[in-house]
Protein chains: 2
Amino acid sequence: MSKWVYSFGGGNAEGRADMKSLLGGKGANLAEMSAIGLPVPPGFTITTEVCTYFYDNDRSYPDDLEAQMTSALAQIEDLVGAKFGDPENPLLISVRSGARASMPGMMDTVLNLGLNDETVEGLAKNAGDRRFAYDSYRRFIQMFSDVVLGVDHHNFEEILDLAKEDRGYMLDTELTAEDWAQVIDDYKAKVLEQTGEPFPQTPKDQAWASVGAVFGSWMNQRAITYRRLHDIPADWGTAVNLQAMVFGNMGEDCATGVAFTRNPSTGENAFYGEYLVNAQGEDVVAGIRTPQNLTVHGKEMNGSKLPAMEEVMPEVFGQLNDVRLTLEKHYKEMQDIEFTVQRGTLYMLQTRNGKRTAPAAIKIAADMVAEGLIGETEALRRIDPNALDQLLHPTLDPQAERNVIARGLPASPGAASGKIVFTADKAEAQAAEGETVVLCRTETSPEDIHGMHAAAGILTTRGGMTSHAAVVARGMGRACVAGAGELRIDHKSGVMRVRDLELREGDLITLDGSTGEVMAGAVATVQPELSGDFATIMEWADKHRTLGVRVNCDTPQEAEVAVKFGCEGIGLCRTEHMFFDAQRIIAMREMILADSSEQRRRALDKLLPFQRDDFIALFKEMAGRPVTIRLLDPPLHEFLPHEDAAVAEVAEASGMAEDQVRARALKLAESNPMLGHRGCRLGITYPEIYEMQARAIFEAVAAVEKETGKTVVPEVMIPLVSVEQEFTAMRRLVDEVAAKVREAEGVEIQYLVGTMIELPRACLRAAQIAEEAEFFSFGTNDLTQTAFGLSRDDAGSFLGAYEQGGVIEQDPFISLDTEGVGELMRMGADRGRQTRPDIKLGICGEHGGDPASIAFCQTVPLDYVSCSPYRVPIARLAAAQAALNRKNA
Amino acid sequence: MSKWVYSFGGGNAEGRADMKSLLGGKGANLAEMSAIGLPVPPGFTITTEVCTYFYDNDRSYPDDLEAQMTSALAQIEDLVGAKFGDPENPLLISVRSGARASMPGMMDTVLNLGLNDETVEGLAKNAGDRRFAYDSYRRFIQMFSDVVLGVDHHNFEEILDLAKEDRGYMLDTELTAEDWAQVIDDYKAKVLEQTGEPFPQTPKDQAWASVGAVFGSWMNQRAITYRRLHDIPADWGTAVNLQAMVFGNMGEDCATGVAFTRNPSTGENAFYGEYLVNAQGEDVVAGIRTPQNLTVHGKEMNGSKLPAMEEVMPEVFGQLNDVRLTLEKHYKEMQDIEFTVQRGTLYMLQTRNGKRTAPAAIKIAADMVAEGLIGETEALRRIDPNALDQLLHPTLDPQAERNVIARGLPASPGAASGKIVFTADKAEAQAAEGETVVLCRTETSPEDIHGMHAAAGILTTRGGMTSHAAVVARGMGRACVAGAGELRIDHKSGVMRVRDLELREGDLITLDGSTGEVMAGAVATVQPELSGDFATIMEWADKHRTLGVRVNCDTPQEAEVAVKFGCEGIGLCRTEHMFFDAQRIIAMREMILADSSEQRRRALDKLLPFQRDDFIALFKEMAGRPVTIRLLDPPLHEFLPHEDAAVAEVAEASGMAEDQVRARALKLAESNPMLGHRGCRLGITYPEIYEMQARAIFEAVAAVEKETGKTVVPEVMIPLVSVEQEFTAMRRLVDEVAAKVREAEGVEIQYLVGTMIELPRACLRAAQIAEEAEFFSFGTNDLTQTAFGLSRDDAGSFLGAYEQGGVIEQDPFISLDTEGVGELMRMGADRGRQTRPDIKLGICGEHGGDPASIAFCQTVPLDYVSCSPYRVPIARLAAAQAALNRKNA
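About the thresholds
- Residues numbered from 1 in each chain as written.
- Chains lettered and ligands numbered in written order.
- Predicted model: local features only at pLDDT ≥ 70, side-chain atom pairs only at ≥ 80, totals over all residues.
- Heavy atoms only, no water.
- Contact = heavy atoms within 4.5 Å.
- Buried area = accessible area lost by both parts, 1.4 Å probe.
- Salt bridge = Lys/Arg side-chain N within 4 Å of Asp/Glu carboxyl O.
- Helix = DSSP H or I, 4+ residues; strand = E, 2+ residues; numbered from the N terminus.
- Buried < 20%, exposed > 50% of the residue type's maximum accessible area, 1.4 Å probe, protein only.
- Core = buried A, V, L, I, M, F, W, Y, C linked by side-chain atoms within 4.5 Å.
- Axes fitted to C-alpha atoms, helices over the stretch in contact; angles between N-to-C directions.
- Parallel < 35°, antiparallel > 145°, perpendicular 65-115°, else oblique.
- Left-handed = near helix turned anticlockwise from the far one by under 90°.
- Nonpolar A, V, L, I, M, F, W, Y, C, P; charged D, E, K, R; others polar.
- Expected span 1.5 Å × (residues − 1).
- Pairing = 2+ DSSP bridges.
- Arc of directions from axis to C-beta.
- Phe/Tyr/Trp six-rings, centres within 6.5 Å; stacked < 30°, edge-to-face > 60°.

Undergrad: An account of the interface of chain A and chain B is requested, with residue identities and associated values reported.
TA: Listed per partner, the contact involves 45 residues of chain A and 45 residues of chain B. Between chain A and chain B lies a buried interface of about 3,900 Å² when both sides are counted; carbon and sulfur atoms form 57% of it. The interface formed by chain A and chain B holds eight salt bridges in total. The residue Glu 823 of chain A makes a salt bridge to Arg 831 of chain B at a minimum N-O spacing of 2.4 Å. Counting only elements with at least two residues in the side of chain A that touches chain B, the list comes to helix 26 (680-685), helix 28 (724-745), helix 29 (760-764), helix 31 (780-788), helix 32 (796-804) and helix 33 (821-835) of chain A.

Undergrad: Talk me through the pattern of salt bridges; I want residue IDs and the actual numbers.
TA: All names here are of chain A. Within this structure, the stated rule accounts for 124 salt bridges over all chains. We note a salt bridge from Lys 190 to Glu 193, for which the minimum N-O separation is 3.7 Å. In this pair, Lys 190 and Glu 193 both sit in helix 7 (residues 177-195), three residues apart, roughly one turn of the helix. Overall, Glu 193 belongs to the exposed group, its relative accessible area being 53%.

Undergrad: Describe the nonpolar core, and please don't skip the residues or the numbers.
TA: Where a protein is soluble and globular, its nonpolar side chains tend to be buried together. Ranked by size, the top nonpolar core spans 299 residues in total, and within it Leu 388, Phe 619 and Phe 698 of chain A together with Phe 619 and Phe 698 of chain B carry the most contacts. Every residue in contact with Leu 388 of chain A, bar those within four places of it in the chain, is listed here: Ala 358, Ile 362, Ile 383, Phe 534, Met 538, Pro 873, Ile 874 and Leu 877 of chain A.

Undergrad: Before we move on, can you summarise the packing of helix 19 (residues 532-544) of chain B against helix 34 (residues 872-888) of chain B with the specific residues and values?
TA: Residues and elements named next belong to chain B. It is the contact of helix 19 with helix 34, at a shortest axis distance of 8 Å, that shows an interaxial angle of 45°. Taken as axis vectors, helix 19 and helix 34 run oblique relative to one another. Where helix 19 crosses over helix 34, the two elements pack in a sense that is left-handed. Residues Phe 534, Met 538, Ala 541, Asp 542 and His 544 of helix 19 touch helix 34, and the partners they reach there are Pro 873, Arg 876, Leu 877, Ala 880, Ala 883 and Leu 884. A per-class count over the contact of helix 19 with helix 34 returns eight nonpolar, one polar and two charged.

Undergrad: Please give an account of helix 7 (residues 177-195) of chain B that cites residues and values.
TA: Residues and elements named next belong to chain B. With 19 residues, helix 7 ought to run about 27 Å at 1.5 Å a step, and its terminal C-alpha atoms sit 27 Å apart, in line with that. Restricting attention to buried positions, one finds in helix 7 the residues Ala 177, Asp 179, Trp 180, Val 183, Ile 184, Tyr 187, Lys 188, Lys 190 and Val 191. On its buried side, helix 7 packs onto helix 5 (130-149) and helix 6 (154-167).

Undergrad: Describe the sheet that holds strand 11 (residues 292-293) of chain B, with residues and values.
TA: Residues and elements named next belong to chain B. With respect to topology, five strands assemble into an open sheet ordered 11-10-9-12-13, the strand pairing being antiparallel. Every other strand in the sheet has two partners, leaving strand 11 and strand 13 (345-353) as the edge strands with one partner each. As paired strands, strand 10 (residues 272-277) and strand 11 are joined by two bridges and run antiparallel to one another. Counterpart to Glu 274 in the pairing with strand 11 is Asn 293. Helix 13 (residues 314-331) rests against strand 12 (335-342) and strand 13 of the sheet, and its axis sits at about 30° to strand 13.

Undergrad: Describe helix 17 (residues 424-432) of chain A, naming the residues involved and giving the relevant values.
TA: All names here are of chain A. Along helix 17, the residues classified as buried are Ala 424, Ala 427 and Gln 430. The buried residues of helix 17 occupy one face: seen down the axis, they fall within an arc of 130°. Facing away from the buried surface of helix 17 by more than 90 degrees, the exposed residues are Asp 425 and Ala 432. At its buried positions, helix 17 is contacted by strand 17 (415-421), strand 18 (437-441) and helix 18 (449-454). In the segment just after helix 17, Gly 434 is the residue with positive phi, at about 95°.

Undergrad: Talk me through unusual backbone geometry; I want residue IDs and the actual numbers.
TA: The amide bond that connects Val 860 of chain A to the next residue, Pro 861 of chain A, takes the cis arrangement and shows omega of -10°. Positive phi outside glycine occurs at Ala 623 of chain A, with the angle close to 45°. One can find Ala 623 of chain A in the loop between helix 23 (597-622) and strand 29 (627-630). The phi dihedral of Arg 499 of chain B is positive, around 50°, even though this residue is not glycine. Mapped onto the fold, Arg 499 of chain B is located in the loop between strand 22 (495-498) and strand 23 (501-504).

Undergrad: I'd like a description of the environment of Ser 531 of chain B, backed by residues and values.
TA: Looking at where Ser 531 of chain B falls in the secondary structure, it is placed in the loop between strand 26 (525-526) and helix 19. Sequence separation between Ser 531 of chain B and Ser 71 of chain B is 460 residues; the distance between their C-alpha atoms is 58 Å.

Undergrad: Now, about the packing of aromatic side chains: what can you tell me, with residues and values included?
TA: All names here are of chain A. What the rule picks out here adds up to 33 aromatic pairs over all chains. Between Tyr 61 and Trp 208, the ring centres sit 5.2 Å apart and the planes meet at 50°, which makes this aromatic pair tilted. With Tyr 61 in the loop between helix 2 (48-56) and helix 3 (65-80) and Trp 208 in helix 8 (residues 203-217), the pair connects residues that are 147 residues apart, well separated along the chain. Tyr 61 sits in the partly exposed class, given a relative accessible area of 22%.

Rendered as structure tokens:
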């Protein structure tokens, strides 16, 4: 006989926390809490294997499931002292889904199950409160009808609104027991009308229908899409939890709340949470009433005037605080918990690892190591490298003037300035056009996710720290100020008002998600400070990682930032950016417009000193760290003027007629510039360009060595090689220039010559290219473009449809396509190493700063990754995680 | 002791014909002729191993070479009865290079070696002719100085011209012995002046210097370049042949000549050659005197009045004709021979396989099978498939006069004469009136297709061998000269200029697409003949090949040609070409300009009947042969109007403002259209387009089946798949349409759905794509573009420099890059077959008609190749050769 049902409660449990794949996350943790003696309402979990059975057998259940459920239900009845369906003393239960990983899109919760026209009277009698009983019944009908029967909730909201209107009420709390009884009749009539069946009165039928609805929702479209996007196999299935109800809304000695065992925003080791007296959990989440703080410390921090739970229910709070300490010691992780107080008794309804901001993640990880709860490697594993991004960007300049117009909750840290938009669609549209926007809403819902993602910051006028807006913004790393109640948004007229101030769409606004301040206009920002816990974590990361981390940068200024962020060298210096400077672009254009190689050389001679000075500055800034310099890569026409004024300027400087300039520019235009006359193709056709660049590099090496006495070893990178002969020809040219400079300057010059592997053919021919190439740097931007036959510039018009339609899981320009592009890289690396075992291998595409891509690079393995300056710390941590995972794999 | 020297002569030889790698082609054949008893002047060959030794040992010779040469020389002296350097009876020799493969760029020949101031007198006495002896000596000085000492021949020509001028002579023959003696003195003085050394007088020194010059020329720049371009390894080395001189210029009983054992132009089995009485070989080649025919038949054929050798020297001719028959029987191949008659005695100086025209190659191969000399497979091997191209198109009458005004690339073979038109519309209009026109454009675009079709030939002033004009013209079998840069078309004034010549619309012009020549006026043409031997060879090819041969074609007209040429199906029908028709382009543009999928569907409904009719006609023409139809592939903006008039037309038809039309066209423009919104990306974003096309296909299937009662099995091809999910989605769409049509029409519909494998990622993911794809067709045009990161349209600006610089051996768009693109194909084929062993594999890029690429396809192996109609016979033969080579490999 298979075991389909696992009971918990009364200080015992058949399950454990590590049985998540069988019991789901929620069920496993309920069992664990129960087993370690925490006060969990008794219940049982129907395993994920039942879900699998359900779909393997045409949506039917195992024969012996019913008997096991009956027996588990009897255990609950015994522990609670009530009976399911007993009109006198009815047991009420909740039904909740619980997959291995939290999964939006699935049926969530049915509360108060077991109520019917008879048992509601028993509840009324036992609770001594008819109004409470009827309110519970109508909530049950509403919830059950919505999620199990598919009767949309607006049907019920209409009835309730009408009921209030008829009676001249403003709030739900004004409805009396009799009013609710009437509403219940109307609700049941609506169900009959919509479904053709009366609302089910048998508790057992209600239970089976709810269980079926949970399993059924595993295969609804939203859940399927979510699983595909998150790579969750369909055969994992979901579990279902049935648990005795406890009520936080039975009176003033009742409460419900959510809490974090540490501050999820700052990481401070202080109990942090919110509660509401006489409320059900959904009331906290819905943000209708403003929740109160758990602790006096929290109350002070948030400047709240409402009393803390610590003050109102000191005894129960003490129990809750003990639970907090027990959980942290037990799980060795910050927990996110839900609790209910029913008539002075504490019940734990959920515990799970808590989401946190990046600063909090760092502080918690560092603190827990200091507290001896976890080790360094575990600390490293716990921080999402992508989340560090929040820390690496500027915050508001404390010196800057601020015109604070309102205050809300500091719901997600960081600062954001941008134009006001009032809808998610507008946010997305404007962001697509390059605008920085702040999304301002009364409150947010899952339908706003795309707009929240597109926005730099999110402002809501309603809701708390655990409101939808706050939770989602923290997850995305967007600045968020929530519940700024002084602000009023008038959606119809597109105006946000505070006192006599009117802000309209397009007006500038600034949020400080760390303080909750809302400011009119744009406010100056300052660079982040990266010491303390951050520095400690980075030190640990460096100790454990095996991949080097370099930076893609072109200027000494960027190099300075990158060195501060801990880069170990430059992986990609794009020399072309150096030519866009106003002084140089004219000589550059002269060079391009030249008719002969002699004329071209003359123009290049003008560019040489500029470029040499660039390299001198860069080499000095990098102080002996390796510097990979890519010779000119983009099509020449990119440098040419397009607008009339610019054409005139060039014509004047070069002594050509404007028409000539235009004609030459036209001649250089290409059908597919990405696949055109660029990269080493320029070096082959106009060798004098690469000669000048090589000379600038080696003369800079000589100058810096003479000045500092230290060796500089540049790595000269030939771009866009597809045929080994291209590399051979360009390497010969570089070697010749090096020999000449060596002789002229009388200094030893060491250097490497390598290539960017950025074309599929280069991966295939890596063994041959490595005959003469001393390093490879995978240029995964272009490699992705060519492997997919996909122009990054043009993909916008259809890649969105691809992601939405599930054709691709994610933009391959953001996270490396390991199946296709990755195989090419592996091939290139293996073949290159076959020829030259000590060949240096790196990556310098955008992917070099993407944690998932870095994890792949570790498996190739590469020697280093190179990324933009602000992603260097992210790469260091991601590399450490990749090394740790690899070691354990 | 190594054997460095191989002797031949006197009816014996140490070498054989199959020792070409040791003795070179010339040496091996001289040995062979000697061994089979033909009259070869005695001599010896210094092996290619000496050349290798020479370069491996700092340009020195093996110690024992001299002894072996001395001994071989003694053998010649014995056989000839003269001594090298003997003033009384001097032996004279020739020195000739001879590599394995004939190789231009190397030192060729030194004649009369052994002459000096003393031996010339001995020669005079023995020949009884002082003038002859001095003439021989001055020829030797001139040749030796030029090729061995590096004194340019113009130095000597000047001296000779002066000598004639001084004496009032017109011809060399007017110079007397004394005159030549004076010239010789002047020659020697010039050598001293130029080299600082007197002309070498010791025959042995002369010989060693000549041998050294031959070996030295193996490494000169021209030879190195030639070897690189023709893939000849440097370590093959060259041999050197030293051979007793015989003289065709000792009097009227002497002669020299070259001949082919059969007519190299027609293939006729008739002795064919030319000779000159009293001349040396160089005189025949130099064309100073008009050579005479060997045979009376030849004389009559060429309308010559000069007596044939058959008449002048019947006896020697009889011997020569016997040699001819012996050689053909021995080599079983048509031979190209050189001979000299010295005082009535015949000497053979060379034999090798003779080059021939395509018609001759076919006739000779067929005849030799009939004669029992060779078998079918050998006959097939002997014909160069590329040469067939000449036979499949009208050609210029070789007798007609030509006024060549410009040259471009031979972009599509065949000849065409007609009236000049400058626009596609004009071409169509004039053709409709029965005019034969040549469309002249700066370059062509898809909008010109109808005009290209209507024209007899296409001339462009810009673009390469793979430009739009070239590709389309080859597909249509239209003659095309592309990139004739000397021509300037002034569209405004309707004039085409070259130098001071102005050509206007209506003027006659002639193109030779096989040579790239552009001629003013009309030149007569002749039509190809495809029966007889040609048909026989094709039959044999079909018997031996294992690769199928399909055609890339879009119209019933092309299909008809292709069927006549023996295609077995359509490998690529590009549906987009069907939309450029004047009637349809407006509906097409409406479709593209549509704002909603509903509007788009309305426009597509208009296109449906057109497309269905196209397929009906195509299916009927192909009469049950498989037809692979590619769904819409190019970016939509290709269909949009660019010129003002066209914009206005569309605006009127669609009811949009002109500005709207322009704006929409601008919005559709892409940075890199090749990598943009095209192929199945169109099908994913606008499924209604592919739905219409699938419907047209299946409704056409139903219609044809109903009408003919025969089954039609279309192969629906999804283009540009890079991700397996793309294929899955599009296959589902096609299947759904098929099911609907099946139901509506009440007929069974069979079909395959497959994809074009044209992106590197598709090759990598072939195993996954093959889960649902029933066939793959390798689109090697785009695969080459993406593997190399090389736009075919833009490569023109640098690919020339690449080929010249030896960076690439040949344009990868013409012959498949087997190392890179080929490896991707192999990967795709292997992985596809792993998933689906019976998957159909083909190729439909331009490479499908290239013999070298076809040979590669045989090794993958693919099931079929598909090429343009006029290349079908070429592909059939190339496939046969590939199969035969594969069998022997």
